[in-house]
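Structure at a glance
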Amino acid sequence: VTIYTTDKDLYQIVGDNICVQHPGKPVIEKQTIIDIYGMEPTKLVMLKAFKGDVSDNIPKIPVRLMPKIKIALTELINKSESVENVYSNMTSNFPKYKDFQDFKSRALINESLIKFKTDITVELLEPPVGDANVLAASIGVDLKQWSESV
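First things first, this report covers the structure right here in the doc. (Residues numbered from 1 in each chain as written. Predicted model: local features only at pLDDT ≥ 70, side-chain atom pairs only at ≥ 80, totals over all residues. Heavy atoms only, no water.)

1. Examining the overall build of the protein chain
- A tally of helices and strands in the protein chain yields eight helices and three strands.
- Mapped from its N terminus to its C terminus, the protein chain presents α and β elements in the order β-β-β-α-α-α-α-α-α-α-α.
- Here the protein chain holds 150 residues, and the buried ones make up 31% of them.
- Excluding contacts between residues fewer than 6 apart, the proportion of contacts in the protein chain whose partners are at least 24 apart in sequence is 45%. (Helix = DSSP H or I, 4+ residues; strand = E, 2+ residues; numbered from the N terminus. Buried < 20%, exposed > 50% of the residue type's maximum accessible area, 1.4 Å probe, protein only. Contact = heavy atoms within 4.5 Å.)

Structure below.
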């Protein structure tokens, strides 16, 4: 499945059978994300919980992610399954430990806002074959109004 979007939030669902393509750009696959971010696509939620997302009004944790801290945080995220787990694995000798601890609740809230719900059951219905109104509705055209104007 290829999802055409400019929204990087969808990177978190990239996997073996799902990729993302920005219009006019190369396809973003699982390995692309690993190469760019140094982590699996599902782990990006944790990274964004710390870095924030200006486009979605998610505030960053106010800890400057200098290269040493970014590397340490990436290693910690790769060993963890959630932001809570990142904090459980963070020891007192972690760079800027106190600063990270001061903003733990913010990071947890950010994670809940960023992470897509994947435990929802959706029933997919097949549209009736040949029903032009169903097709038109899916692309936002009112066929009756359109046919009266022609």
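2. Remarks on helix H2 (residues 44–51)
- Among the eight residues in H2, seven count as buried, and that is most of the element.
- Turning to H2, its buried residues are Leu-44, Val-45, Met-46, Leu-47, Lys-48, Ala-49 and Phe-50.
- Against helix H1 (30–37), helix H3 (67–78), helix H4 (83–89), helix H5 (97–102) and helix H6 (104–114) lie the buried residues of H2.
- Phi turns positive one or two residues past the end of H2, at Gly-52, with a value near 75°.

3. Thoughts on the nonpolar core
- Ranked by size, the top nonpolar core spans 26 residues in total, and within it Phe-50, Ile-77, Val-86 and Phe-100 carry the most contacts.
- Those elements giving two or more residues to this core turn out to be H2, H3 and H4.
- In this structure, Phe-100 is in contact with Phe-50, Val-63, Leu-65, Ile-69, Leu-73, Tyr-87, Met-90, Phe-94 and Pro-95, ignoring residues within four places of it in sequence. (Core = buried A, V, L, I, M, F, W, Y, C linked by side-chain atoms within 4.5 Å.)

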